[in-house]
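A structural walkthrough
The primary structure of each chain is shown beneath.
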Protein chains: 4
Amino acid sequence: MRSLEVKNRTSASEIQCLRLITAIKTPYLPDGRFDLEAYDSLVHMQILNGVEGVIVGGTTGEGHLMSWDEHVMLIAHTVNCFGSSIKVIGNTGSNSTGEAVHATEQGFAVGMHAALHINPYYGKTSMQGLISHFETVLSMGPTIIYNVPSRTGQDIPPQVIHEISHDANMAGVKECVGNDRVKDHADKGIVIWSGNDNECHDARWGYGATGVISVTSNLVPGLFHKLMFDGKNPLLNEKLMPLIDWLFCEPNPIGLNTALAQLGVIRPVFRLPYVPLPLAKRVEFVKIVQSIGREFFVGDKDVQVLDDDDFLLVGRY
Amino acid sequence: MRSLEVKNRTSASEIQCLRLITAIKTPYLPDGRFDLEAYDSLVHMQILNGVEGVIVGGTTGEGHLMSWDEHVMLIAHTVNCFGSSIKVIGNTGSNSTGEAVHATEQGFAVGMHAALHINPYYGKTSMQGLISHFETVLSMGPTIIYNVPSRTGQDIPPQVIHEISHDANMAGVKECVGNDRVKDHADKGIVIWSGNDNECHDARWGYGATGVISVTSNLVPGLFHKLMFDGKNPLLNEKLMPLIDWLFCEPNPIGLNTALAQLGVIRPVFRLPYVPLPLAKRVEFVKIVQSIGREFFVGDKDVQVLDDDDFLLVGRY
Amino acid sequence: MRSLEVKNRTSASEIQCLRLITAIKTPYLPDGRFDLEAYDSLVHMQILNGVEGVIVGGTTGEGHLMSWDEHVMLIAHTVNCFGSSIKVIGNTGSNSTGEAVHATEQGFAVGMHAALHINPYYGKTSMQGLISHFETVLSMGPTIIYNVPSRTGQDIPPQVIHEISHDANMAGVKECVGNDRVKDHADKGIVIWSGNDNECHDARWGYGATGVISVTSNLVPGLFHKLMFDGKNPLLNEKLMPLIDWLFCEPNPIGLNTALAQLGVIRPVFRLPYVPLPLAKRVEFVKIVQSIGREFFVGDKDVQVLDDDDFLLVGRY
Amino acid sequence: MRSLEVKNRTSASEIQCLRLITAIKTPYLPDGRFDLEAYDSLVHMQILNGVEGVIVGGTTGEGHLMSWDEHVMLIAHTVNCFGSSIKVIGNTGSNSTGEAVHATEQGFAVGMHAALHINPYYGKTSMQGLISHFETVLSMGPTIIYNVPSRTGQDIPPQVIHEISHDANMAGVKECVGNDRVKDHADKGIVIWSGNDNECHDARWGYGATGVISVTSNLVPGLFHKLMFDGKNPLLNEKLMPLIDWLFCEPNPIGLNTALAQLGVIRPVFRLPYVPLPLAKRVEFVKIVQSIGREFFVGDKDVQVLDDDDFLLVGRY
């Protein structure tokens, strides 16, 4: 199901040079469908602030709460609207090889620049199974491998990365295990993006990471650009730490969803099983924004503390 | 689920000026999946020969044999590869209002320029039901209504067209009832494309049609361009008639599929319930090609008579 | 994907002896999902009145407005709840051979007794295509072929029926073309159910039909039992004619949906593109009920004229 | 979408008394579809050996490699064929609340006796999110909660179990954290099934577990029946340990799939990302079977060592 016509056919090397990639949030309408106007606005603000790529339907974008037709549609939509300004990386990975194959084929057919592939979470498999899974999808186009054992229940060990890194489509690894692992990979010439916002400054400037695939950059894309492009900046890094700690006090994207709603850039609608952070945390966020400076955050409305009643939780979607 | 960012947001008037639209063929791989390379090549030849729009997944493109995720993917793919050279009109109509709503919303989200909407075939409904069905989807973007009672079992009467023609998104009608109906609509200022290749020359030059949505133009796009753009040409029209008669000797796209396979521009793979024309008809096609001139047909291989064994029929897809 | 364990594995002959089969209505909740309690109650009343089989998700049951997973679920549900009291015939036909194969395989896997198969409506195909389509699905279990050219746009000619009637799974034909065709088939030993309620009495007693697959029996199952079992009864047939004419004044199931809502046995919820009959017709229905006798109709509430505002039309489902 | 007619409507207490439940294997045909004949045979052997319930499409049954329509079909099929002999517990849980709601609703509609619900793996959520997720699905019918942090990346803490245990549909917990946690729950009156075959004997006889939801019982159902019903039996438990250790040397169901293929009761077909155990391990299995006794294992063919070439790995399914 290859196509030679896809306008933005990309090589792995065009992905490998990206330093700041945002795992973009997917906002919802009150009935649980996507709010594309809000989404477009979020992506637009990312572009304006120098972000070079977006992960569409990542864990942050709640790809696991999407049907595949919604997911591929969102990838296609993003390519159509923004594909000439930003790299579109579709999270077409799955713990089902069958679904990963189908979604990745479709994602490249609609013009995504690269795929993000997770190891088979929850189901897990053997080392040989991991390699077979990744080899099956690598043939389709540029690929970032995503290692996050705290979610998947299974680390992708370096020897598996080594085994598949000979494939020309293998762009690199989004690594969440920590900066020693980052260094280990980087030393072997593997391109690494830090998957931990609280470690990414050090990863970039001290451990050989190329850049970051970030959650926090949804909120403060300009500051993260500074962090990744303008040289070592421990002061800025330290200044951002309370925000990052707050964001990850519960499993992501609970904090992010709450924050974006209070910044007035998305409707306060959650797809279950996500629920907003409690009031005390919501108050805390406003203080953090004020401390860093509202002007560094996306949107231009006043940041506000939302009431419990302001949030809408959708169970059927 | 609106988006203001979609790059190629189109108005009905940009659709209304198109004179030659091809209901493009969808080619398959031996396992029944789409053959996107062959598809791209077909679309490319259409563009080179001056065709201005394509219907993606129409009855000719076998949209009724696609899952919706395949269908929307193909629309998105076409937009991504060719959307700046040709208008992409997605056949997101359905006899289920629910499916039509969902597919049309997705089609516009991925950048299609217009939707083609059929009345609810097979299930049928009342006049009020027709109007409710069309009104539900018209709000989403530029729309062509498709009237083909020989397939749907139900004519869309002029009063229904009249009722919905006040909507700013209503671009016009693909009309298969005949040239008296074409004239009837055209006289009231409604934009009409002939849906009958054997009548389209007269429709265009004698009955007020704007142009044609054609099957035959898959084969001879250049000659159909001449027919629609270069003034009355009864000689050319007459010359094409044996080809058109041959094409529609069985329900479309049986003839077209057989023809494109023999021209060597697609693999000889059919999704059931379509099967190739019998040998005698296949021999006849080669003679018709030779009589009109191979150079006017798409592709550059010799036209050949395929054997029964050359064809692959796929039942699970 | 065969199973030898399916409890109610049925032979074609067990289907061929059924005289009264109802194309059962699918009722909805206000959000458009199935109202299974109302559905169960409808089926229960059919069983109490001697109906021997139900078509699940037929045109009457709006199978064309269902996703396949809804459709197969409803078949499975019906088998589970009522499969020992009534034959469950799943309308797993489709104009897509691929969908028909998948749905029929699933339907038999969940225990349906027989499949109903339509010819490829709207898309249409050649005679050879028709035969290939039917042969592909006939291998899976007992099958009734459904011929209704006014919906499909294409008659299934006797030679196609003849060709496939040698298959041991071919149970017979639901024929809507008229009683001459019924007689033609019956004379050749093919089992026929009339698909036209207004002709079924004559079909059964004068033209060789085995029985009827009925819409009207949703409303008056006991009277239809009488009509099919208790010998010629032109008086009863005549008495029912105003009801039948009323039911089909607009494409089915518009009349049936309106009637059942006014009888108080379903919620007044329509999936578009169906809309209720207008007020004058709704008043007429109450008079027809009173004339025939409320006690012959399903349910035990007073029949009432519903207001326009009582009806809920659902476009997203 | 409730139904009062479902034949086998079950109360939580009818689930709570089950001591031996097998997480049944799903076997495949060479093209990756379900092999229902082999499946039926597997379930049949379970019933003959006294197993009281099956989990359909659990992690062992590779529910995460199924589309939902396949999954619900398999539940419905199992109910239809075996629902009067064995309790059918559908694994209709998901990390997407939307999917869990839809699948559970369908599962109960087709007659499953209970649902198995996992916490949102991979995506994870807050404690409040966990409670909201479970409460959303608990209303639908008897439910077993499944806690397996090594797969989900997140423990379901006792306070969450406590919170939801007041729901009348809460049947109990399949617990994989260990026997201290088993005891902790059991002491509070919560019904617990051990989810670890190597600990289940002790869980049952020493820590208050009601029984086991087992993988190994796919292979030796009779011995597991003995283990759960016939009193403390450390000798038998010890005898089984090498088999259990072998089974879980790689993530389940890799060992089970390999074992059943070598016992000749399923085709050696794997859906990726699962691949067979290597040759050395396959040789080891034959020895373990011989040591325990072939007669205690399912099937009646000789156990054999399969070659690498005997296995078929399917990536598109």
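Our structure is the block above this text.
Below, the structure is looked at part by part. (Residues numbered from 1 in each chain as written. Chains lettered and ligands numbered in written order. Predicted model: local features only at pLDDT ≥ 70, side-chain atom pairs only at ≥ 80, totals over all residues. Heavy atoms only, no water.)

Moving on to the sheet that holds strand β2 (residues 53-56) of chain B. Residues and elements named next belong to chain B. Pairing within the closed barrel is parallel, and its 8 strands lie in the order β1-β2-β3-β4-β5-β6-β7-β8. Across the sheet, the mean angle from the axis of one strand to that of its neighbour is 30 degrees, orientation sign disregarded. Of the pairings in the sheet, the one linking strand β5 (residues 143-147) to strand β6 (residues 170-175) comprises 5 bridges and is parallel in character. Residue pairing across strands places T143 opposite M170, the latter belonging to β6. (Pairing = 2+ DSSP bridges. Helix = DSSP H or I, 4+ residues; strand = E, 2+ residues; numbered from the N terminus. Axes fitted to C-alpha atoms, helices over the stretch in contact; angles between N-to-C directions.)

This part takes up the relation of the copies chain A and chain D. Of the two same-sequence chains, chain A is brought onto chain D (RMSD 0.0 Å, axial shift 0.0 Å) by a rotation of 180 degrees. Taken together, the rotation and translation describe the operation of a two-fold axis. Relative to the rotation axis, the closest C-alpha in chain A is found at G153(A), a distance of 2.6 Å. (Least-squares fit on C-alpha atoms with pLDDT ≥ 70 in both.)

The next subject is the side chain of R282(B). One can find R282(B) in helix α13 (residues 279-292). In this view, R282(B) contacts T258(B), Q262(B), P276(B), L277(B), V305(B), L306(B), D307(B), D308(B) and F311(B); residues no more than four positions away in its chain are not counted. (Contact = heavy atoms within 4.5 Å.)

Two modes of strand pairing occur in sheets, parallel and antiparallel, and in both the strands are linked by backbone hydrogen bonds. Residue and element names in this part refer to chain C. Strand order in the closed barrel made by the 8 strands is β1-β2-β3-β4-β5-β6-β7-β8, with parallel pairing throughout. Mean inter-strand twist for the sheet, computed between neighbouring axes without regard to direction, equals 30 degrees. Relative to strand β5 (residues 143-147), strand β4 (residues 114-118) is paired through 4 bridges, and the arrangement is parallel. By the bridge assignment, L116 is partnered in β5 with I144. Of the strands in this sheet, β4, β5 and β6 (170-175) touch helix α5 (residues 127-138), which is tilted by about 170 degrees from β4.

With that settled, consider the packing of helix α12 (residues 254-262) of chain A against helix α13 (residues 279-292) of chain A. Residue and element names in this part refer to chain A. Direction vectors running N to C along α12 and α13 enclose 60 degrees, while the axes themselves pass 11 Å from each other. For the pair α12 and α13, the sense of crossing is right-handed. For the pair formed by α12 and α13, the contact residues are T258, A259 and Q262 on the first element and R282, F285 and V286 on the second. Taken together, the residues of the contact of α12 with α13 break down into 3 nonpolar, 2 polar and 1 charged. (Left-handed = near helix turned anticlockwise from the far one by under 90°. Nonpolar A, V, L, I, M, F, W, Y, C, P; charged D, E, K, R; others polar.)

Moving on, we come to the interface of chain A and chain D. The parts lose accessible area when they come together, and the size of an interface is often stated as this lost area. Of the residues lining the interface, 41 residues belong to chain A; the matching set on chain D comes to 41 residues. Overall, the association of chain A and chain D removes approximately 3,300 Å² of surface from exposure, summing both partners, and the carbon and sulfur fraction of that is 57%. Of all residues in chain A, Y122(A), R151(A) and P273(A) bury the most surface against chain D, accounting for 22% of the area lost on that side. Scanning the region where chain A abuts chain D turns up 2 salt bridges. The shortest N-O distance in the salt bridge between R316(D) and E105(A) comes to 2.8 Å. Summed over the shared surface of chain A and chain D, the result is 22 residue pairs in polar contact (both at pLDDT 80 or more). (Buried area = accessible area lost by both parts, 1.4 Å probe. Salt bridge = Lys/Arg side-chain N within 4 Å of Asp/Glu carboxyl O. Polar contact = N/O pair within 3.5 Å; in protein donor to acceptor, adjacent residues only side chain to side chain.)

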